[in-house]
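Architecture and fold: a report
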Amino acid sequence: MWRAILFMFIGMMLIPTGDAASKLLSNSHGYHPFFIAWARFAVGSILVLPFIPRSCFTVFRNPVAWGRGLLLATGISVITFAVALENLANVFAVFFIGPIISYILAAIFLKEAVTPPRSALLFLGFIGILLIARPGFGFSIGLACALFAGCTYGVFLTLSRLAAGQEEPKALLFSQMLIATILCTPMALIYWPQQLFASPDMLAISGGASMLGNMFLIFAYKLAPATRMAPFVYFQLVGALLLGWGVFGTLPDIWGLAGLALLMISGFGSALLRR
């Protein structure tokens, strides 16, 4: 369990790093979010390809792998829009409807254990999301995109747990990257930038950090049930908050900070119940 927690922590720090690079690409260099999403997957596919044995290519016969790739392509494309429009920490907070969705789906379809204390803490996290999103009171297009992306991510997390028992982690990582690259290619071609290599370093960080983050996520789900690992996805909030403040100089308002506090209590409180 401790190895799983460590892998989740590393992965959840890397993923918001990729999103911060995506925000810089969109806001400072004019890249369209659809192209950025494609570039993240394409860079990740290229980086991981040399380490993939030929035997792993059988993963493309698995329909679960294609489902994961479709969900990832949809979720990342939509959240790239969200981070371009909104505060990074707020986007990730609303995005955290994902672990709640994953917890419910894993309990229903994968028959994983559910406990009242852990359920109560995840409900507390949902209240935190409502405080940040405030539907009807400042709820924006960017936060709506983050909410939709979070829902797709919750299904993705559940399928990751299912697929972890069927395929090797390297095969899953490569398949989700390559399938998402293929699915995002048509929109990337439409919004192809005139200056492709205006910021190659940010393109590399965006794709590389995302790829490594997902790799550690797969390793974690290989070691522990989805219902136990769901709260640790909240580690992303720490990275998003620090990156939003350090890179963009933005912090959530008082309601946002209150919501973040509830999400932190929910995530780390669930960690204390891991046994």
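Each remark here, short or long, concerns the structure printed above.
Two side chains of opposite charge can pair, provided their charged atoms sit close to one another. Applying the stated criterion across every chain, the model contains two salt bridges. With a closest N to O distance of 2.9 Å, Arg40 and Asp19 form a salt bridge. Taken together, the residues span a long stretch of sequence, with Arg40 in helix H2 (residues 33-48) and Asp19 in helix H1 (residues 2-29) at a distance of 21 residues. Under the relative-accessibility criterion, Arg40 is labelled buried at 1%. Given the relative accessible area of 2%, Asp19 is considered buried. Across the pair Glu112 and Arg161 runs a salt bridge, and its minimum N-O distance is 3.4 Å. Of the two residues, Glu112 sits in the loop between helix H5 (97-109) and helix H6 (116-133) while Arg161 sits in helix H7 (residues 141-164), which places them 49 residues apart along the sequence.

On to helix H3 (residues 63-85). An α-helix turns once every 3.6 residues. As a result, residues three or four positions apart point the same way. Counted at 1.5 Å a residue, the expected span for H3 with its 23 residues is 33 Å, and the 34 Å between its end C-alpha atoms agrees. Regarding H3, its N-cap is Asn62, as a side-chain oxygen of that residue lies 2.9 Å from the backbone nitrogen of Val64 further along.

Moving on: a nonpolar patch on the surface. Taken together, the side chains of Ile104, Ile108 and Phe109 make up a nonpolar region of the molecular surface, amounting to roughly 320 Å² of accessible area. Relative to the assigned elements, Phe109 resides in helix H5.

So, on to the packing of helix H4 (residues 88-95) against H7. At a closest axis distance of 7 Å, the pairing of H4 and H7 adopts a crossing angle of 40°. Put simply, H4 runs oblique to H7. The two elements H4 and H7 meet at a crossing, and its hand is right-handed. Facing Asn90, Val91, Val94 and Phe95 of H4, the residues of H7 in contact are Leu143, Ala146, Leu147, Ala149, Gly150 and Tyr153. For the contact of H4 with H7, a count of residues per class yields eight nonpolar, two polar and no charged.

Here is what the cut-offs are and how they apply
- Residues numbered from 1 in each chain as written.
- Predicted model: local features only at pLDDT ≥ 70, side-chain atom pairs only at ≥ 80, totals over all residues.
- Heavy atoms only, no water.
- Salt bridge = Lys/Arg side-chain N within 4 Å of Asp/Glu carboxyl O.
- Helix = DSSP H or I, 4+ residues; strand = E, 2+ residues; numbered from the N terminus.
- Buried < 20%, exposed > 50% of the residue type's maximum accessible area, 1.4 Å probe, protein only.
- Expected span 1.5 Å × (residues − 1).
- Polar contact = N/O pair within 3.5 Å; in protein donor to acceptor, adjacent residues only side chain to side chain.
- Patch = residues over 30% accessible without salt bridge, like charges linked within 9 Å, V, L, I, M, F, W, Y side chains within 5 Å.
- Areas by Shrake-Rupley, 256 points an atom, 1.4 Å probe, with all protein chains shown as cover.
- Axes fitted to C-alpha atoms, helices over the stretch in contact; angles between N-to-C directions.
- Parallel < 35°, antiparallel > 145°, perpendicular 65-115°, else oblique.
- Left-handed = near helix turned anticlockwise from the far one by under 90°.
- Contact = heavy atoms within 4.5 Å.
- Nonpolar A, V, L, I, M, F, W, Y, C, P; charged D, E, K, R; others polar.

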